[in-house]
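Listed below are the residues making up each chain.
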Amino acid sequence: MPERRRGAALEKALLDAAWEELTDNGYARFTMDAVVQRAGTSPPVLYRRWSDRDQLVRAAIVHTLKEYRLDSPDTGSLREDVLTLMREINTTRVQFITVMSVQLAGYYQETGTSPADLRDPLATGRKEALDVLFDRALDRGEINRELLTERIKSLPFDLLRQEILTTFAPVPDHVLEEIVDTVFLPLVR
């Protein structure tokens, strides 16, 4: 008989099962019962934590975003740090980005939310990770603090996401370099 899960281990198992259900079947076919079945638990265990599927979907997305957070590279230059991070996203996150947009379209429409609402950088730890990257560049004197806004910090990653959503495929490396060299870096120097 398997050991009974409790606390953080149980919550992780439930949220992982919810994310797998979303990935495999999309929001339209996402049910609390399917998550219960996938997690190998009972309905009361799930409903004690999330009273409806929208709450569970949101929790599963935030949980997955936290788990998918990448470490900030430290190559010694902002250009290489940003490119390294973009390349890692490009290599490992195409399916995730696609699921966030395509599989969850019904969720966004039904709840009046958007992907931006679910990518809350404070809740997922993304803001701190990017701040470290830009703080290093500021310390090295590579960029101008007055030019560095939150929108500009996110710009190369927003453009990467747009490229992925246009093709549902990894972006060629020369496009990543073009985003960094011709769009992003001129804005911060």
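Residues numbered from 1 in each chain as written. Predicted model: local features only at pLDDT ≥ 70, side-chain atom pairs only at ≥ 80, totals over all residues. Heavy atoms only, no water.

(A) Looking closely at the pattern of salt bridges. Evaluated as defined, the whole model comprises 17 salt bridges. Between Glu-21 and Arg-38 there is a salt bridge, and its shortest N-O distance comes to 2.9 Å. Placement of Glu-21 in helix H1 (residues 7–25) and of Arg-38 in helix H2 (residues 32–39) is noted, with a sequence separation of 17 residues between them. Judged by relative accessible area, which is 6%, Glu-21 ranks as buried. A salt bridge links Arg-136 to Asp-74; the nearest nitrogen and oxygen atoms lie 3.6 Å apart. (Salt bridge = Lys/Arg side-chain N within 4 Å of Asp/Glu carboxyl O. Helix = DSSP H or I, 4+ residues; strand = E, 2+ residues; numbered from the N terminus. Buried < 20%, exposed > 50% of the residue type's maximum accessible area, 1.4 Å probe, protein only.)

(B) Inspection of the side chain of His-63 at higher detail. By the secondary structure assignment, His-63 is in helix H4 (residues 53–67). Among the polar contacts made by the side chain of His-63, one reaches the side chain of Asp-16 at a distance of 2.8 Å. Beyond its immediate chain neighbours, meaning those up to four positions away, His-63 contacts Lys-12, Leu-15 and Asp-16. (Polar contact = N/O pair within 3.5 Å; in protein donor to acceptor, adjacent residues only side chain to side chain. Contact = heavy atoms within 4.5 Å.)

(C) The arrangement of the packing of aromatic side chains in detail. Applying the stated criterion across every chain yields a total of 5 aromatic pairs. With a centroid separation of 5.3 Å and 40° between ring planes, the pair formed by Trp-19 and Phe-96 is classed as tilted. Linking Trp-19 in helix H1 with Phe-96 in helix H6 (residues 94–103), this pair joins segments that are 77 residues apart in sequence. Across the pair, exposure class does not vary: Trp-19 and Phe-96 are buried alike. Judged by centre distance (5.9 Å) and plane angle (70°), the rings of Tyr-107 and Tyr-108 are edge-to-face. Assigned by exposure class, Tyr-107 and Tyr-108 land together as buried. By way of ring pairs, the aromatic residues Trp-19, Tyr-68 and Phe-96 are connected into one cluster. (Phe/Tyr/Trp six-rings, centres within 6.5 Å; stacked < 30°, edge-to-face > 60°.)

(D) Broad picture of the packing of H6 against helix H11 (residues 150–167). Running from N to C, H6 and H11 point in directions that differ by 80°, and their axes come no closer than 10 Å. If you check the angle between H6 and H11, you find them roughly perpendicular. Two secondary-structure elements touch here, H6 through Val-94, Ile-97, Thr-98 and Ser-101 and H11 through Arg-161, Ile-164 and Leu-165. Grouping the constituent residues of the contact of H6 with H11 by class yields 4 nonpolar, 2 polar and 1 charged. (Axes fitted to C-alpha atoms, helices over the stretch in contact; angles between N-to-C directions. Parallel < 35°, antiparallel > 145°, perpendicular 65-115°, else oblique. Nonpolar A, V, L, I, M, F, W, Y, C, P; charged D, E, K, R; others polar.)

(E) Focus on the packing of helix H5 (residues 78–92) against H11. Interaxial distance between H5 and H11 falls to 11 Å at its minimum, and their mutual angle equals 30°. By the angle between their axes, H5 is roughly parallel relative to H11. Both H5 and H11 take part in a crossing whose hand is right-handed. Residues Val-82, Leu-85, Met-86, Ile-89 and Asn-90 of H5 form the contact with H11, whose participating residues are Pro-156, Phe-157, Leu-160 and Ile-164. Taken together, the residues of the contact of H5 with H11 sort by class into 8 nonpolar, 1 polar and no charged. (Left-handed = near helix turned anticlockwise from the far one by under 90°.)

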